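# Overview (structure and organization)
Single-letter residue listing:
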Amino acid sequence: MQIQRKLFIEGEWVDSSEGKSFEVLNPATNEVITTVQRASKKDIQKAIDSAKKAFNVWGKMNPFERSKYLHRVGEVIEKNLEFIAGVETDDVGKPIYESRNIDIASSAQTFHYFADISVEVMGEVMPSPFNEVLDYTVHEPVGVIGAIIPWNFPFLIGARKIASALAAGNSVVIKPATWAPLSTLLFGEIFKEAGMPEGVLNIIPASGSDVGEVFSKSEDLGEISFTGSTEVGTKLLGSCSCSLKGCTLELGGKSPAVVLPDCNLEETVEGILFGVYLNQGECCCAATRIIVHDDIYDEFLAEFIEGTSRIRIGLPRNEDTRLGAIVHREHLNTIMEYIDSGKKEGATLVYGGNILDKGELSRGNFVEPTIFVDVKPSMKIWKEEIFGPVIVICKAKDTDEMVNLANDTKYGLAASIWTTNLKKAHILAAKIEAGTVWLNLHNFVFPSAPYGGYKASGIGRELGKEGVLALTRTKNIMVNLFEETFKWY
Ligand code: TAP
């Protein structure tokens, strides 16, 4: 398997019609890894046409057959896991330990899960007011899915969108993020090796605005499935309204972790460290606002700082690295601006706050994990998604205040509650406005569980059976079983 730098349309690698290209950088060194061709608007349309043609075959294929194909994709990913993990690490900056054990391993699992689910996309028989009328539903694929993905978990998010869409009988055109397109391109090679029918997946590395324009105007797309920022997602939804197509949005977050005084401190600190620093904090559901009960605050803070200081920051390819590079220099600058704003607005910096540019880290985009306390809800670092290893920890006097603070955000993607009192945990879970609530866990996402946000974190659900059904249209079929002719007049 090797990285192809072209567009993947109708099962073949093709050149961009305008001959444009862009450089892909390694965030750990800022060296150019390769140059990728950029699809034009005409190419994007070609990819949609290819998917439309393939849909006529894939959409009609029986689900048992589709299931076999999807399992094969999962197997090819497993076979090439080490190579794909290396590409992801070089492109995104995440530790190889994470790419291998989380991103790519979960992607293979995702294909196997949706392979199994494809034979369970079924309707139901409805109760009928007439014994002589049989009433049932079927779920039909919507057609071509236009998928747009971000740069933080490109392979995994790509796998979720592609596998769930194909399981429902749809075909796909996917656009990777400009900062990290390489692993998405590998899907072309994977699909070839798995013997997938031509055109069921088309990959177009193109500019966001070009894809947004062509996708939202297109009458050939059944649905747009977008993961990215709330800002871009909102714009996209607006432009889709003219063509009346569905739009699933998985957007930003500012997730709270709520720490009660009766928590198991060691488990809580370890769990929230994972919740905060996974993928350098470039994670939509990262636990960026930690709300701790007064009674345990000092002890928690001391342990959390100690835990943070133990995290090995290093080159992403090093086996023992647990915190890698920030995806792009521009994004590192944004993170540093947030750190400055936290200081200026009067929060207290208790850990980190600096760029790391010594020794082997000198050429890359590295930043210290950063912790602020004495934060007010009016501050930018409380309100806005930073998308880096920068968090705020605050105190609360009781559970009511904790819930108020947890919900004091425009987002509602995820939250976690840390306590040994499970009754209290369930009561609090019901009060928190978020699409996922973890009890004594954070950052666990399974292909089998519906995932998505409340409020400005999105619309619709991905993953699980619900995620597949969301990519279908329900048809109600009524059957006349009257023995006598039905006569009204
Ligand atoms: P965005 O800047 O929104 O980019 C996401 C994708 O949209 C990229 O492929 C981008 O292309 C494309 N895009 C840009 N402008 C567009 C337009 N006008 N129309 C259509 N597509 C357009 O986000 P990002 O910086 O890559 O990712 C970080 C954001 O994603 C964070 O807010 C994070 O929370 C969110 N995220 C959410 C989730 C879930 S599941 N809720 C998961 C991961 C990430 P270019 O790269 O070419 O600009």
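Residues numbered from 1 in each chain as written. Predicted model: local features only at pLDDT ≥ 70, side-chain atom pairs only at ≥ 80, totals over all residues. Heavy atoms only, no water.

### Re the sheet that holds strand β24 (residues 472-480)
The antiparallel open sheet is built from 3 strands, whose spatial order is β5-β6-β24. The outermost strands of the open sheet, each flanked by one partner alone, are β5 (125-126) and β24. One ladder, built from 2 bridges, connects β5 with strand β6 (residues 133-141); its direction is antiparallel. Paired with Val125 across the bridge in β6 is Tyr136. (Pairing = 2+ DSSP bridges. Helix = DSSP H or I, 4+ residues; strand = E, 2+ residues; numbered from the N terminus.)

### Quick look at the packing of aromatic side chains
One pass over the structure, following the stated rule, counts 14 aromatic pairs. Taking the centre distance of 5.4 Å and the plane angle of 20° together, the rings of Phe300 and Phe304 count as stacked. Linking Phe300 with Phe304, this pair stays in helix α10 (residues 294-309), spanning 4 residues, or about one helical turn. Across the pair, Phe304 and Phe300 agree in class, each one buried. Consider the rings of Phe444 and Phe446, whose centres lie 6.4 Å apart with planes at 85°: the pair is edge-to-face. Phe444 sits in the partly exposed class, given a relative accessible area of 38%. Ring-pair connections join several aromatic residues into one group, and the members of that group are Phe111, Phe155, Phe187 and Phe191. Sitting over the face of the ring of Phe153, Lys94 holds its NZ or CZ atom 3.8 Å from the ring centroid. Its guanidinium or amino end placed over the ring of Tyr97, Arg322 lies 3.5 Å from that ring's centre, counting from NZ or CZ. (Phe/Tyr/Trp six-rings, centres within 6.5 Å; stacked < 30°, edge-to-face > 60°. Buried < 20%, exposed > 50% of the residue type's maximum accessible area, 1.4 Å probe, protein only. Lys NZ or Arg CZ within 6 Å of the ring centre and 35° of its normal.)

### Here we look at the nonpolar core
Ranked by internal contacts, the top residues of the largest apolar core, which has 65 residues, are Ile77, Phe111, Phe187, Ile190, Phe191 and Met196. The greatest single-element share of this core, amounting to 9 residues, is contributed by helix α5 (residues 154-167). A domain split of this core shows at least three residues from each of domain 1 (7-251 + 457-476) and domain 2 (255-439). Among all residues touching Phe187, those that are not within four sequence positions of it are Ile77, Phe111, Phe155, Gly158, Ala159, Ile162, Leu201 and Ile203. Ile339, Met379, Ala406 and Ala425 belong to the second largest nonpolar core, which has 31 residues in total. (Core = buried A, V, L, I, M, F, W, Y, C linked by side-chain atoms within 4.5 Å. Domains from an automatic or database assignment. Contact = heavy atoms within 4.5 Å.)

### Remarks on the pairing of strand β17 (residues 370-373)
Moving residue by residue along a regular strand, the side chains alternate between the two faces of the sheet. Of the two faces of β17, the one lined by Thr370 and Phe372 and the one lined by Ile371 and Val373 are each fully buried. As judged from the 3 bridges shared by strand β14 (residues 348-351) and β17, these two strands associate in the antiparallel manner. Its bridge partner lying in β17, Tyr351 is registered against Ile371.

### A closer look at the site of the ligand
The immediate surroundings of the ligand are formed by 27 residues, with Ile149, Thr178, Ser229, Leu251 and Glu385 found nearest. Glu385 places a polar side-chain atom, nitrogen or oxygen, 2.5 Å from an oxygen atom of the ligand. The protein chains hide 85% of the 920 Å² of surface that the ligand would expose on its own. Of all the secondary structure elements, the ones that give two or more residues to the shell around the ligand are α7 (208-217) and β10 (221-227). (Near = heavy atom within 4 Å. Polar contact = N/O pair within 3.5 Å; in protein donor to acceptor, adjacent residues only side chain to side chain. Areas by Shrake-Rupley, 256 points an atom, 1.4 Å probe, with all protein chains shown as cover.)

### Quick word on the sheet that holds strand β21 (residues 436-439)
Reading across from one edge, β14-β17-β18-β13-β12-β20-β21 is the order of the 7 strands in this open sheet, with mixed pairing throughout. Both outer strands of the open sheet, β14 and β21, are each paired with one neighbouring strand and no more. Going from strand to strand, the sheet's axes swing by 25° on average, the running direction of each strand aside. Sheet analysis places strand β13 (residues 287-293) next to strand β18 (residues 390-396), joined by 5 bridges and oriented parallel. Residue pairing in the sheet places Ile290 in a bridge with Ile393 of β18. Here helix α9 (residues 265-277) sits on the sheet in contact with β12 (255-259), β13, β17, β18 and β20 (414-418), set at roughly 155° to β13. The strands touched by helix α13 (residues 399-406) within the sheet are β12, β13 and β18, with β13 carrying the most contacts at an inclination of about 165°. (Axes fitted to C-alpha atoms, helices over the stretch in contact; angles between N-to-C directions.)

### A word on the environment of Ile291
Note on placement: Ile291 falls in strand β13. In the structure, Ile291 is positioned 189 residues away from Asn480 in sequence and 60 Å away in space, judged by C-alpha atoms. Ignoring any residue separated from it by four or fewer positions in sequence, one finds Ile291 in contact with Pro256, Ala257, Val258, Val259, Trp382, Cys394, Ala396, Met402, Leu405 and Ala406.

### Brief notes about the domain arrangement of the protein
By domain assignment, the protein separates into domain 1 (7-251 + 457-476) and domain 2 (255-439). Computed from C-alpha atoms alone, the centre-to-centre distance between domain 1 and domain 2 is 30 Å. Between domain 1 and domain 2, the residue contacts involve 28 residues of the former and 33 residues of the latter. Contact between domain 1 and domain 2 buries roughly 2500 Å² in total, counting both sides, with carbon and sulfur atoms accounting for 55%. Summed over the three residues of domain 1 that lose the most area to domain 2, namely Trp151, Trp179 and Ser457, the buried surface amounts to 22% of that side. Where domain 1 meets domain 2, there are 3 salt bridges. With a closest N to O distance of 2.7 Å, Glu319 and Arg100 form a salt bridge. Linking domain 1 with domain 2 are 17 residue pairs in polar contact (both at pLDDT 80 or more). Of all elements in the fold, only α3 (81-92) and α4 (96-117) reach the threshold of two or more residues within the side of domain 1 that touches domain 2. Of all the elements, α3 adds the most residues to the side of domain 1 that touches domain 2, at 6 residues. (Buried area = accessible area lost by both parts, 1.4 Å probe. Salt bridge = Lys/Arg side-chain N within 4 Å of Asp/Glu carboxyl O.)

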